[in-house]
Amino acid sequence: MIDMAGCSEKGGRNHNEDTVLVKNMGYRQCALVADGLGGHGGGDIASKTAANIIMEGFESEEVMDTDALIRIFEEANRAVVKKQTMTCRMKTTCVGLFIEEAKAWWGHIGDSRLYHFVDGALNSCTKDHSVSQMAVDAGKITWEQIRFHKERNKLYCALGSRIPIRPEVGQADLDDGHFHAFLLCTDGFWEYVLETEMMVDLAKSRRPGEWLDYMVSRLEKKVTGYHDNYTAAAVFYR
């Protein structure tokens, strides 16, 4: 059984530059979250362009594998670059999950994350393309301290780059008798919802939409009113 849900809100901003797409094609499933970089202008256009190109690419690929996933992200990068002008160098993060025949692939650019839970416990998380993550790699801060780091919003990789990009990719076999849950989310979401809280709320949830509702409720109790857009997609595979 595969169940999917998504949510996206403007938070404390004037408009929403995030995009979320979830689609169940019967034999294939796809979930995408993209966070347009508002500081560059045109963030909403960039996030929608990237998400739509990646979704179309997944639908058209005859066989899904790591090479196909990389090609799809490269095409999305070119599409965002084509939208840019001299006064609007739009960019976007993106994280995508693709499921076909009990196998999952995922790829990401930027600091939108994918969390993979197995039987309710956190199994893995994507690695941000950010200055803060570089500080973690250098041993200057812990991974948990990224949420409060002064340079947490500075990225060194995003879609809309005029130099070649290569997404980081991962995969998992799902036909192992375990319960797999995936959370894809922007930094405006994961900055306010701790990993331990994600697991607590997952344990209480029968459907992915219910899981998202619990976490959004937590987020809304913590924000100040000037917070970022927040967007997430959740996928359950039993």
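Up top is the structure these notes are about.
Residues numbered from 1 in each chain as written. Predicted model: local features only at pLDDT ≥ 70, side-chain atom pairs only at ≥ 80, totals over all residues. Heavy atoms only, no water.

Novice: Any chance you could explain the pairing of strand E4 (residues 92-100) here in plain terms?
Specialist: Here is the key point about a regular strand: its side chains alternate between the two faces of the sheet. Most of E4 sits inside the fold, with nine of its nine residues counted as buried. Burial of E4 is two-sided: the residues Thr-92, Cys-94, Gly-96, Phe-98 and Glu-100 facing one way and the residues Thr-93, Val-95, Leu-97 and Ile-99 facing the other way are all buried. Sheet topology places E4 next to strand E5 (residues 103-109); seven bridges connect them, and they run antiparallel. Along E5, the bridge assignment pairs Glu-100 with Lys-103. Linkage of E4 to E5, two consecutive antiparallel strands, is achieved through a turn of two residues, within which Glu-101 is found at a positive phi near 50°. (Buried < 20%, exposed > 50% of the residue type's maximum accessible area, 1.4 Å probe, protein only. Helix = DSSP H or I, 4+ residues; strand = E, 2+ residues; numbered from the N terminus. Pairing = 2+ DSSP bridges.)

Novice: Help me understand the packing of helix H5 (residues 195-203) against helix H6 (residues 208-222) in this model?
Specialist: How two helices sit against one another is set out by the angle between their axes and by the gap between those axes. Packing of H5 against H6 leaves a shortest axis separation of 8 Å and a crossing angle of 140°. Taken together, the axis directions place H5 and H6 in an arrangement best described as oblique. For the element pair H5 and H6, the recorded crossing hand is right-handed. Only Trp-211, Tyr-214, Met-215, Arg-218 and Lys-222 of H6 make contact with H5, whose side of the interface consists of Glu-197, Met-198, Val-200, Asp-201 and Leu-202. When the residues that make up the contact of H5 with H6 are grouped by side-chain class, the tally is six nonpolar, no polar and four charged. (Axes fitted to C-alpha atoms, helices over the stretch in contact; angles between N-to-C directions. Parallel < 35°, antiparallel > 145°, perpendicular 65-115°, else oblique. Left-handed = near helix turned anticlockwise from the far one by under 90°. Contact = heavy atoms within 4.5 Å. Nonpolar A, V, L, I, M, F, W, Y, C, P; charged D, E, K, R; others polar.)

Novice: Explanation requested: H6 in the structure shown.
Specialist: Because an α-helix packs 3.6 residues into every turn, residues spaced three or four apart end up facing the same way. An ideal rise of 1.5 Å per residue puts 21 Å on 15 residues; H6 measures up with 22 Å between its terminal C-alpha atoms. For H6, the complete set of buried residues consists of Pro-208, Trp-211, Leu-212, Met-215, Val-216 and Leu-219. What you see down the axis of H6 is that its buried residues fit within an arc of 130°, all on one side. The exposed residues of H6 that point more than 90 degrees off its buried face are Asp-213 and Lys-221. At its buried positions, H6 is contacted by strand E1 (2-9), strand E6 (113-118), strand E9 (180-185), helix H4 (187-190), H5 and strand E10 (230-237). (Expected span 1.5 Å × (residues − 1). Arc of directions from axis to C-beta.)

Novice: I tried to follow the sheet that holds E4 on my own but got confused; where do I start?
Specialist: Sheets are built from strands that pair by backbone hydrogen bonding, the pairs being arranged parallel or antiparallel. Across the sheet, five strands lie side by side as E2-E3-E4-E5-E8; this open sheet has antiparallel pairing. The open sheet has two free edges, formed respectively by strand E2 (18-24) and strand E8 (168-173), since each of these has just one partner strand. Taken over all neighbouring pairs, the strand axes of this sheet differ in orientation by 10° on average, direction set aside. Docked against the sheet, helix H1 (residues 43-60) engages E2, strand E3 (28-36) and E4, running at close to 160° with respect to E3. Across the sheet, helix H2 (residues 66-83) is in contact with E4, E5 and E8; its angle to E5 comes to roughly 30°.

Novice: What am I meant to see in the layout of surface pockets here?
Specialist: The method is simple in principle: a probe with the dimensions of a water molecule rolls over the atoms, and the space it marks as empty is what remains. Volume-wise, the largest pocket comes out at about 690 Å³. Around the largest pocket, the lining is made up of 34 residues, and of these Asp-35, Leu-37, Asn-153, Asp-187 and Asp-228 lie nearest the centre. Breaking the lining of the largest pocket down by element, the ones donating at least two residues are E3 and H4. Looking at the lining of the largest pocket, its residues break down into 13 nonpolar, 10 polar and 11 charged. (1 Å grid on protein atoms, 1.4 Å probe; cavity = no way out; pocket = protein on both sides within 12 Å on 5 of 7 lines; lining within 4 Å. Points joined across faces, edges and corners; volume = space filled by probe spheres on them.)

Novice: Hey, could you run me through the side chain of Asp-111 in this one?
Specialist: Structurally, Asp-111 is set in the loop between E5 and E6. Summary of buried charges: Asp-111 has no salt-bridge partner, and the nearest side chain of opposite charge, Arg-113, is 7.4 Å away. For Asp-111, the contacting residues outside a window of four places in its chain are Thr-93, Asp-128, Arg-152, Leu-155, Asp-187 and Trp-190. (Lys, Arg positive; Asp, Glu negative; His and termini not counted. Salt bridge = Lys/Arg side-chain N within 4 Å of Asp/Glu carboxyl O.)

Novice: Any chance you could explain the side chain of Gln-29 here in plain terms?
Specialist: Turning to its location among the elements, Gln-29 is positioned in strand E3. Gln-29 gets classed as buried once you look at its relative accessible area, which sits at 5%. Polar side-chain contacts of Gln-29 include one of 3.2 Å to the backbone oxygen of Gly-26. Not counting the four nearest positions on each side in its chain, Gln-29 is found in contact with Ile-2, Met-4, Lys-23, Asn-24, Phe-58, Leu-97, Phe-98 and Ile-99. (Polar contact = N/O pair within 3.5 Å; in protein donor to acceptor, adjacent residues only side chain to side chain.)

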